[in-house]
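# Structural overview for review
Letter by letter, the chains look like this.
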Amino acid sequence: MTPDDIAAAGLRFQVEGAVATITLDRPEVRNAQTPTMWRTLAAIGREIPDEVRVVVVRGEGSSFSAGLDRAMLEPGGGDGQETVAALLAQSDDEVSATIDEYQQGFTFLRDPRFVSIAVVQGHAVGAGFQLALSCDLRVVADDVQFSMKESALGLVPDLTGTKPLVESVGYPRALEICATARSVGATEALEIGLVTVAVPAADLDATVADLVSALTAPMPGAVRETKALLQAASGRSLDDQRRFEREAQIRRFRELAGLLAGQD
């Protein structure tokens, strides 16, 4: 994946030491998303170096993402690009396989190798909301407006956002947010556990920088093991989780012992 390929998909990708930054770069359409963008996100996810410990996802301009580019719903409306409308000509199995490929542009952000942070200001609608939900943490400006607009289009959220939404706010609230397609502002998002922190837009970059610094301070293995433990905790019994904690701790002991031995 070359920089030109990434730019053609409306994205930027930069790695500086332990931090990778993915920027949605279509500010003229409030960073509206396309299938090409989703496939490129998946490709970026496969290329993130092992030394990266934090992945920051943000949008250029005043909005994170207005969701799916509506031109992608119109036959021939993609200016030669792949469109969502083209799915109608496929079989059910083909549609499922294609959506699975789109979803991989979101799922890589759950990788235990790093902590992912969505930096959100302005609108995060539909696919934009789901991209933010794909990240481990969400740091937002106080002007943010989240909305799951799919139901207003007669569709369902299908870019992996339903599970983290339920995990963040609970089933009743998640259902109400999705079914009504209403907007959720910063104050409510913070109150219901949808976001990690909400700050004035002028303080957003400094807040993210402080968080990145804190996340990269501990040893990499400790953060990765902790993320993996927490991700799987809700699906395990207490006895199983206790076992996985023990096994993870043994790996930490062994790594620390090896580092200490190397200092002798």
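Here the focus is unusual backbone geometry. Working note: non-glycine residues mostly have negative phi, and peptide bonds are mostly trans. A positive phi angle is found at threonine 160, which is not glycine, with a value near 70°. Within the secondary structure layout, threonine 160 lies in the loop between strand 7 (145–147) and helix 5 (162–169). Overall, the relative accessible area of 18% leaves threonine 160 in the buried class. Phi is positive for alanine 181, close to 60°, though the residue is something other than glycine. The exposure class assigned to alanine 181 is buried, which follows from its relative accessible area of 7%.

To continue, consider the sheet that holds strand 8 (residues 183–185). What the three strands build is an open sheet, ordered 5-7-8; its pairing is mixed. Edge strands, defined here as strands with exactly one partner in the open sheet, are strand 5 (123–125) and strand 8. When the angles between neighbouring strand axes are averaged without regard to direction, this sheet yields 20°. Across the face of the sheet, helix 4 (residues 127–134) comes into contact with strand 5 and strand 7 while running at roughly 95° to strand 5.

What describes a pair of aromatic rings is the distance from one ring centre to the other and the angle between the planes of the rings. Per the stated rule, a full pass over the model turns up three aromatic pairs. Aromatic ring contacts, followed pair by pair, group Trp38, Tyr102 and Phe106 into a single cluster. Positioned above the aromatic ring of phenylalanine 244 is the side chain of arginine 236, whose terminal nitrogen or guanidinium carbon lies 3.6 Å from the ring centre. Across the ring face of phenylalanine 244, the terminal group of arginine 243 is positioned such that the distance to the ring centre comes to 4.6 Å.

Looking now at the sheet that holds strand 2 (residues 19–24). The strand order 1-2-3-4-6-9 describes an open sheet built from six strands, whose pairing is mixed. With partners counted over all chains shown, the strands left at the sheet margins are strand 1 (11–16) and strand 9 (197–199), one partner each. Taking each pair of neighbouring strands and ignoring which way they run, the sheet shows an average axis angle of 15°. Direction of pairing for strand 3 (residues 54–59) relative to strand 4 (residues 115–120): parallel, over a ladder of five bridges. Within strand 4, the position partnered with valine 57 by the bridge is alanine 118. This element, helix 4, spans strand 2, strand 3, strand 4 and strand 6 (137–141) of the sheet and lies at about 145° to strand 4.

Let us now look at helix 3 (residues 92–107). Here helix 3 is 16 residues long and its end C-alpha atoms lie 22 Å apart, about the 22 Å a rise of 1.5 Å per residue gives. If you check which residues of helix 3 are buried, you get Val95, Thr98, Ile99, Tyr102, Gly105 and Phe106. Of the surrounding secondary structure, the elements contacted by the buried residues of helix 3 are helix 2 (35–47) and helix 4.

Generally speaking, nonpolar side chains in soluble globular proteins are found buried as a group. Core analysis: the largest hydrophobic core is formed by 49 residues, its most contacted members being Leu11, Val55, Val57, Val120, Phe146, Leu165 and Leu194. Among the elements that make up this core, the one with the highest residue count is helix 4 (five residues). Not counting residues within four places of it along the chain, the set of residues in contact with leucine 194 comprises Phe129, Leu133, Arg138, Phe146, Leu165, Ser168, Val169, Val184 and Ala189.

Calculation notes
- Residues numbered from 1 in each chain as written.
- Predicted model: local features only at pLDDT ≥ 70, side-chain atom pairs only at ≥ 80, totals over all residues.
- Heavy atoms only, no water.
- Helix = DSSP H or I, 4+ residues; strand = E, 2+ residues; numbered from the N terminus.
- Buried < 20%, exposed > 50% of the residue type's maximum accessible area, 1.4 Å probe, protein only.
- Pairing = 2+ DSSP bridges.
- Axes fitted to C-alpha atoms, helices over the stretch in contact; angles between N-to-C directions.
- Contact = heavy atoms within 4.5 Å.
- Phe/Tyr/Trp six-rings, centres within 6.5 Å; stacked < 30°, edge-to-face > 60°.
- Lys NZ or Arg CZ within 6 Å of the ring centre and 35° of its normal.
- Expected span 1.5 Å × (residues − 1).
- Core = buried A, V, L, I, M, F, W, Y, C linked by side-chain atoms within 4.5 Å.

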